[in-house]
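# Close look at the chain arrangement
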Amino acid sequence: MDLLTGIYIVSGFAIVPLVIYGLYARVKVNRLFVKYSKEPIKKGVTGSHIARTMLNSAGLNEVVVEEVSGTLRDHYDPRQNAVRLSRPVARNSSIASIGIAAHEAAHAIQHGTGYPPARLRSNIAPLVEKAGYFILPLLLLGILLSRIPLAMLFINIALLLFLGIVVFYLVTLPVELEASARALRFIKENNVVDDKELEGVKKVLNAAALTYIIAFALSIVQFLNLLGMSRRR
């Protein structure tokens with residue numbers, strides 16, 4: 001058995017456990033969000049307030065904090081220079097709200113201070129998003145036209161585009177982990193929560209970080225599986 005065949009077999013076996021673990025991680029995030037959304041912090045600070053305070057402390061008064069409908073749709077939009085918080089996060093003074101809002105404000109601070117991984121992710125995100133639309137069609141073309149020399153070109157382009165997605169997930173990891181660390185540091189240094197409440201914030205942010213780690217691992221396994229499959233043709 002050659003190396004590529006081994007990669008194909010091992011990556012094939014690894015995909016299913018990673019998908020299952022990824023689903024478990026998402027369920028865990030939702031479970032912790034529900035649990036800690038019901039636990040208010042003693043100081044009564046809302047998610048929108050902590051986000052605004054963090055941004056102002058970093059001199060980013062121009063970044064707006066907006067409410068959006070839905071649940072767990074919180075994000076920072078660098079194109080609109082806006083931290084968008086779902087209504088339950090923005091209006092509540094719970095452990096979950098504080099952690100999530102501070103995390104998204106930290107993303108805005110990363111962008112405002114030129115944090116290199118965040119800048120790189122912002123630059124490649126539009127390209128990676130577009131690349132996702134072409135991977136499957138190119139792979140199908142490569143398979144359907146397998147009898148002609150041009151087929152391998154389509155497959156190689158698809159693999160190159162998929163590698164770009166792997167790189168995107170790789171860059172995403174330090175961005176997300178640093179944002180959580182920055183959020184926790186601000187919360188702790190400014191005594192927003194007590195020690196017990198801080199443990200709850202850590203659990204919420206750590207569970208969210210786990211989903212990004214699994215997504216990165218899954219992207220590597222999927223790429224290796226496609227690489228092994230294409231070279232075994």
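Everything below is about the structure shown above.
Below is a short write-up of the structure. (Residues numbered from 1 in each chain as written. Predicted model: local features only at pLDDT ≥ 70, side-chain atom pairs only at ≥ 80, totals over all residues. Heavy atoms only, no water.)

## As for helix α4 (residues 95–112)
The terminal C-alpha atoms of α4 lie 26 Å apart, and with 18 residues this matches the ideal 26 Å at 1.5 Å per residue to within 8%. The buried fraction of α4 is high, at 16 of 18 residues. Two residues or fewer after α4 comes G114, characterised by a positive phi angle close to 70 degrees. (Helix = DSSP H or I, 4+ residues; strand = E, 2+ residues; numbered from the N terminus. Expected span 1.5 Å × (residues − 1). Buried < 20%, exposed > 50% of the residue type's maximum accessible area, 1.4 Å probe, protein only.)

## A word on the sheet that holds strand β1 (residues 64–68)
Across a sheet, paired strands are connected by hydrogen bonds in the backbone, their directions being either parallel or antiparallel. Spatially, the three strands line up as an open sheet ordered β1-β3-β2, and their pairing is mixed. Two strands in the sheet have a free side with no partner beyond their single neighbour: β1 and β2 (75–77). Strand after strand, the sheet turns through a mean of 30 degrees between neighbouring axes, direction not considered. By the bridge criterion, five bridges tie β1 to strand β3 (residues 82–86) in an arrangement that is parallel. Bridged to E66 within β3 is R84. (Pairing = 2+ DSSP bridges. Axes fitted to C-alpha atoms, helices over the stretch in contact; angles between N-to-C directions.)

## What about the nonpolar core?
The nonpolar side chains of soluble globular proteins are, as a tendency, buried together. Ranked by internal contacts, the top residues of the largest apolar core, which has 39 residues, are I50, L55 and I187. Of all the elements in the fold, those that place two or more residues in this core are α1 (3–37), α2 (47–57), β3, α3 (87–91), α4, α6 (150–189) and α7 (195–231). With 10 residues, α4 is the single largest residue contributor to this core. Ignoring anything within four residues of it in the chain, the contact list for I187 reads I98, A102, V192, V193, L198 and V201. Counting 18 residues, the second-largest nonpolar core is a separate cluster that includes L138, I165, F216 and L227. (Core = buried A, V, L, I, M, F, W, Y, C linked by side-chain atoms within 4.5 Å. Contact = heavy atoms within 4.5 Å.)

## Focus: the packing of α2 against α4
It is at 8 Å that the axes of α2 and α4 come closest, and there the two elements cross at 30 degrees. Taken as axis vectors, α2 and α4 run roughly parallel relative to one another. Of the two possible hands of crossing, α2 and α4 adopt the one that is right-handed. Of the residues in α4, those in contact with G47, I50, A51, M54 and L55 of α2 are S97, I98, A101, A102, A105, A106, A108 and I109. Class assignment for the residues of the contact of α2 with α4 results in 11 nonpolar, two polar and no charged. (Parallel < 35°, antiparallel > 145°, perpendicular 65-115°, else oblique. Left-handed = near helix turned anticlockwise from the far one by under 90°. Nonpolar A, V, L, I, M, F, W, Y, C, P; charged D, E, K, R; others polar.)

## Brief notes about the side chain of S180
If you trace the backbone, S180 turns up in helix α6. On the accessibility criterion, S180 (10% relative accessible area) is buried. Excluding anything up to four places from it in sequence, S180 contacts H103 and L205.

## Observations concerning the environment of P78
By secondary structure assignment, the location of P78 is in the loop between β2 and β3. With a relative accessible area of 31%, P78 lands in the partly exposed category. With 118 residues separating them along the chain, P78 and K196 place their C-alpha atoms 33 Å apart. Ignoring any residue separated from it by four or fewer positions in sequence, one finds P78 in contact with H111 and S122.

## Some words on the packing of aromatic side chains
Per the stated rule, a full pass over the model turns up two aromatic pairs. A ring pair is formed by Y21 and Y24, whose centres lie 5.6 Å apart and whose planes are at 15 degrees; its orientation type is stacked. Here Y21 and its partner Y24 are both found in helix α1, three residues apart, which amounts to about one turn of the helix. Relative accessible area serves as the criterion here: at 39%, Y21 is assigned to the partly exposed category. A relative accessible area of 41% places Y24 in the partly exposed class. Seen in terms of ring centroids, F168 and Y169 are 6.0 Å apart; in terms of plane orientation they differ by 65 degrees. Their pairing is edge-to-face. A relative accessible area of 29% places Y169 in the partly exposed class. (Phe/Tyr/Trp six-rings, centres within 6.5 Å; stacked < 30°, edge-to-face > 60°.)

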